[in-house]
Amino acid sequence: MTSFNRSTSRRLKKLTQIPSVWEGDRRPLSSSQTQPRDSESKGECILWVDGSQGIVRGMDVVSPELGPEAIVRTLMRAIEHPQSPAKPARPQRIVVRDREIQFYLRGVLQDLDIAIDYSPELPLIDELFRSFADIIDSQIPDLPPQYAEILQDKAFAIWEAAPWEFLEEQQILSIEINKWDVGTLYTSVMGMLGMEYGILFYRSEDSLKRFRADVLRDEESTQGLEEAFLKQDCFFLTFEQDEDEDEDLGDLPISEIEPTFGNIHPLEGLRSVLYEEEALIVFVALESLIRFMRDYRRQLYEDDFPTLSRRYRISLPNLDQEAKSVSVTVSTMPKLAAELEKMAGFEIPDEDDDYTALHSLRDDLIPEDSFLSLGVIAWEMLDSLRKEVNYHPVEKINQVGDGLPVILVQTSRPKAKIVIEKIEAAGGLKAICFNPGVDPFDGDSYTAVMPFQTQPEHYRYDLGLLQTENGELFLFGEFLDNDPVHVEARKKWNQRCQNTQGYCALIIAKGLTGASRGNPQLKDMMALFEARSLSPQELGLGTLQLMPQLKLE
């Protein structure tokens with residue numbers, strides 16, 4: 001048995017011994033009527049109270065796995081550093097209701113002149129634990145028990161469906177319920193930017209518009225944004241990570257995702273709790289949304305937000321309700337989406353801008369830390385990919401050879417979204433090219449690439465270029481032209497492009513920091529841009545030279 005050091009015993013014996021009887025015990029905190037999620041409320045509580053004065057001297061919540069030493073550690077604090085208003089002191093007598101604890105304390109405290117007695121009842125501690133149990137039992141669970149499991153299942157179904165991959169926040173869906181004092185919910189999906197993932201169900205169109213207007217007005221004011229947030233009138237489902245790490249949730253496995261439900265109201269504020277009727281409304285909204293996305297996923301991927309509407313009959317999970325099902329209508333709201341875009345001041349690219357300056361190119365499209373590869377996608381997988389991702393087709397491609405030659409760019413989800421949006425804003429992808437280039441300076445701080453006339457012995461590169469429909473050229477990769485790996489990849493690229501009569505594609509994928517880094521799976525792929533392959537002669541730029549960046553002092 002572990003005992004105190006002699007120096008510790010001497011220190012404790014110097015404290016005043018008061019004529020008091022202390023009660024001590026260790027009991028579980030959890031309640032049979034609740035299922036708390038935090039680890040503390042699943043632990044055990046150690047209490048030391050002064051029965052003579054009726055005050056708590058020490059209290060700890062510990063793991064059930066901890067041994068009897070834990071109760072002594074709490075007793076030490078109760079003696080030397082008690083909770084206010086008690087002062088440091090030794091008791092004359094200690095009473096416990098557990099024989100094992102009694103014998104253990106007798107051995108540990110034998111040098112401190114403290115009597116250790118047993119009593120089957122500890123009146124003061126019994127009363128305290130009854131109070132604790134009442135508090136725990138009175139806590140409202142985050143979700144009503146009868147709906148908790150089914151709402152969790154629907155939340156994970158939403159996560160798997162990933163509506164933020166094809167719906168922007170301003171692309172609103174209406175869910176007409178007309179039950180439980182709810183008319184229509186206006187659904188906004190968060191997550192396309194890879195920052196916050198979730199769904200907001202506004203109780204009125206006015207609340208949605210007012211929040212957007214308030215955010216645009218107060219976007220530079222933290223206090224203004226907080227006030228606007230709390231003035232919303234909506235239900236919400238958000239997704240968070242189990243551990244607080246700075247990582248895009250979209251790259252994590254579903255086992256690490258935690259859904260949270262709640263309500264926001266101008267007079268109630270935010271609460272992460274749904275009551276029974278609210279849980280039923282959110283269940284119906286989620287189920288109807290899942291069905292709508294299943295039926296119209298392909299159409300919702302289109303660039304233009306389409307006009308769609310469908311009616312569903314949703315079976316209710318609780319058969320104690322008067323009705324066993326409810327009829328719901330889900331519709332897209334293109335006019336409201338256009339109004340919200342106009343409110344935000346989204347600018348439409350000028351289609352009359354006649355951009356013909358092909359003598360220079362940009363390097364601000366593909367993120368620097370991206371994973372790049374030249375490869376091929378099998379025809380069977382291509383058919384599946386076209387159905388699942390943001391798809392930009394060209395003319396019908398002749399399926400000859402082992403598949404379609406592709407350039408794969410893998411980056412993080414937020415950066416991938418930006419790349420896709422830039423290409424779409426430029427009218428789409430027109431061509432993929434490889435063009436010779438040289439770097440006479442062997443440097444890395446250059447900005448412009450210009451036609452190079454003479455051919456001295458410099459660092460020669462095979463420059464990978466993307467040409468968008470508006471005529472702009474973007475650099476996606478610089479490959480040493482004598483690199484044997486790249487030389488072999490280019491030979492296969494040229495042969496495959498010959499088989500497809502010049503057709504190829506660009507795939508944008510997420511998951512750069514996840515388990516699929518360097519080998520993205522179908523679920524990681526976010527966009528497919530089909531295009532033509534151009535030779536250097538067809539591009540007509542000649543050899544390009546990297547020019548040093550000019551710095552202004």
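Conventions we followed
- Residues numbered from 1 in each chain as written.
- Predicted model: local features only at pLDDT ≥ 70, side-chain atom pairs only at ≥ 80, totals over all residues.
- Heavy atoms only, no water.
- Pairing = 2+ DSSP bridges.
- Helix = DSSP H or I, 4+ residues; strand = E, 2+ residues; numbered from the N terminus.
- Axes fitted to C-alpha atoms, helices over the stretch in contact; angles between N-to-C directions.
- Core = buried A, V, L, I, M, F, W, Y, C linked by side-chain atoms within 4.5 Å.
- Buried < 20%, exposed > 50% of the residue type's maximum accessible area, 1.4 Å probe, protein only.
- Contact = heavy atoms within 4.5 Å.
- Salt bridge = Lys/Arg side-chain N within 4 Å of Asp/Glu carboxyl O.
- Arc of directions from axis to C-beta.
- Parallel < 35°, antiparallel > 145°, perpendicular 65-115°, else oblique.
- Left-handed = near helix turned anticlockwise from the far one by under 90°.
- Expected span 1.5 Å × (residues − 1).

S.K.: Describe the sheet that holds strand β2 (residues 44-50), and please don't skip the residues or the numbers.
M.R.: Judged by pairing direction, the sheet is mixed, and its five strands sit side by side in the order β3-β2-β1-β4-β5 without closing on themselves. In the strand order of this sheet, the two ends are held by β3 (55-62) and β5 (115-118), each with one partner. On average, each strand axis in the sheet is tilted by 20 degrees relative to the strand beside it, whichever way the strands run. Alignment of strand β1 (residues 17-28) against strand β4 (residues 90-96), held across five bridges, turns out to be parallel. Among the inter-strand pairings, Glu23 is bridged to a residue of β4, identified as Val95.

S.K.: Kindly report on the nonpolar core, identifying the contributing residues and their values.
M.R.: If you look at the biggest cluster of nonpolar residues, it comprises 53 residues, and the most contacted ones within it are Leu151, Ile158, Leu185, Phe201, Phe239, Phe261 and Val284. Tallying contributions element by element places helix α8 (residues 276-300) first for this core, with 14 residues. With near-sequence residues (within four places) excluded, Leu185 lies in contact with Leu173, Ser174, Ile175, Ile177, Phe201, Tyr202, Arg203, Phe235, Ile281 and Ala285. Val62, Val72, Ile94 and Ile101 belong to the second largest nonpolar core, which has 25 residues in total.

S.K.: I'd like a rundown of the pattern of salt bridges, residues and numbers included.
M.R.: Under the criterion given, the structure shown has 30 salt bridges. For the salt bridge of Arg291 with Glu287, the shortest nitrogen-to-oxygen distance reads 2.9 Å. Placement of both Arg291 and Glu287 in helix α8 is noted, with a separation of four residues, approximately one turn of the helix. Note on Glu287: relative accessible area 11%, which makes it buried.

S.K.: How would you sum up the pairing of strand β8 (residues 197-202)? Please name residues and give values.
M.R.: Of all six residues in β8, six are buried; the element is thus mostly enclosed. Taking every second residue as pointing to the same face, both faces of β8 are buried, with Tyr197, Ile199 and Phe201 on one and Gly198, Leu200 and Tyr202 on the other. As defined by bridge partners, strand β7 (residues 182-190) adjoins β8 across five bridges and the pair is classed as antiparallel. Bridge pairing links Thr187 to Phe201 in β8. Pairing of β8 with strand β9 (residues 234-241), which is carried by six bridges, proceeds in the antiparallel orientation. Residue pairing across strands places Phe201 opposite Phe235, the latter belonging to β9.

S.K.: Can you lay out helix α9 (residues 334-344) for me, pointing to particular residues and giving the numbers?
M.R.: Residues Leu336, Ala337 and Leu340 constitute the buried set of α9. Seen from one end, α9 has its buried residues packed into an arc of 100 degrees, which puts them on one side. In α9, the exposed positions angled more than 90 degrees off the buried face are occupied by Lys335 and Lys342. Taken together, the buried residues of α9 touch α6 (205-217).

S.K.: Now, about the sheet that holds strand β6 (residues 173-179): what can you tell me, with residues and values included?
M.R.: Through backbone hydrogen bonds, the strands of a sheet pair up, either in parallel or in antiparallel fashion. In spatial order, the strands read β11-β10-β9-β8-β7-β6-β13-β12; together these eight strands make up an open sheet with antiparallel pairing. The open sheet has two free edges, formed respectively by β11 (269-271) and β12 (309-315), since each of these has just one partner strand. The average angle at which neighbouring strand axes cross in this sheet is 25 degrees, direction not considered. Where β12 and strand β13 (residues 325-332) come together, seven bridges link them in antiparallel fashion. Bridging across to β13, Ser309 finds its partner in Ser331.

S.K.: An account of the packing of helix α5 (residues 145-161) against α8 is requested, with residue identities and associated values reported.
M.R.: Running from N to C, α5 and α8 cross one another at 30 degrees; their axes reach a closest spacing of 10 Å. Comparing the axis directions of α5 and α8 gives the class roughly parallel. Handedness of the α5/α8 crossing: left-handed. Facing Gln146, Tyr147, Ile150, Leu151, Lys154, Ala157, Ile158 and Ala161 of α5, the residues of α8 in contact are Glu276, Ala279, Leu280, Val282, Phe283, Leu286, Glu287, Leu289, Ile290, Met293 and Arg297.

S.K.: Tell me about α6, residues and numbers included.
M.R.: Counted at 1.5 Å a residue, the expected span for α6 with its 13 residues is 18 Å, and the 19 Å between its end C-alpha atoms agrees. Those residues of α6 not exposed but buried are Ser207, Leu208, Phe211, Arg212 and Asp214. Considered in projection along α6, the buried side chains sweep an arc of 165 degrees and stay on one side of the axis.

S.K.: Tell me about the pairing of strand β22 (residues 525-534), residues and numbers included.
M.R.: On a regular strand, one side chain projects to one face of the sheet and the next to the other, so that they alternate. Counted residue by residue, β22 has eight buried out of ten residues, so it is predominantly covered. Relative to β22, strand β15 (residues 390-392) is paired through three bridges, and the arrangement is parallel. Note that in β22 the partner of Tyr391 across the bridge is Leu528. Two elements, strand β21 (residues 503-509) and β22, share seven bridges in a ladder whose sense is antiparallel. Following the sheet pairing, Tyr503 is matched in β22 by Arg532.

S.K.: Can you tell me about unusual backbone geometry, naming the residues and giving the values?
M.R.: Backbone phi values are negative for most residues with the exception of glycine, while trans is the configuration of most peptide bonds. Ser84 connects to Pro85 through a cis peptide bond whose omega is 10 degrees. Even without being glycine, Asp181 reaches a positive phi, approximately 65 degrees. By the secondary structure assignment, Asp181 is in the loop between β6 and β7. The exposure class of Asp181 is exposed, given its relative accessible area of 83%. The phi torsion at Gln501 lies on the positive side, around 60 degrees, for a residue other than glycine. Checked against the element boundaries, Gln501 lands in the loop between α12 (484-499) and β21.

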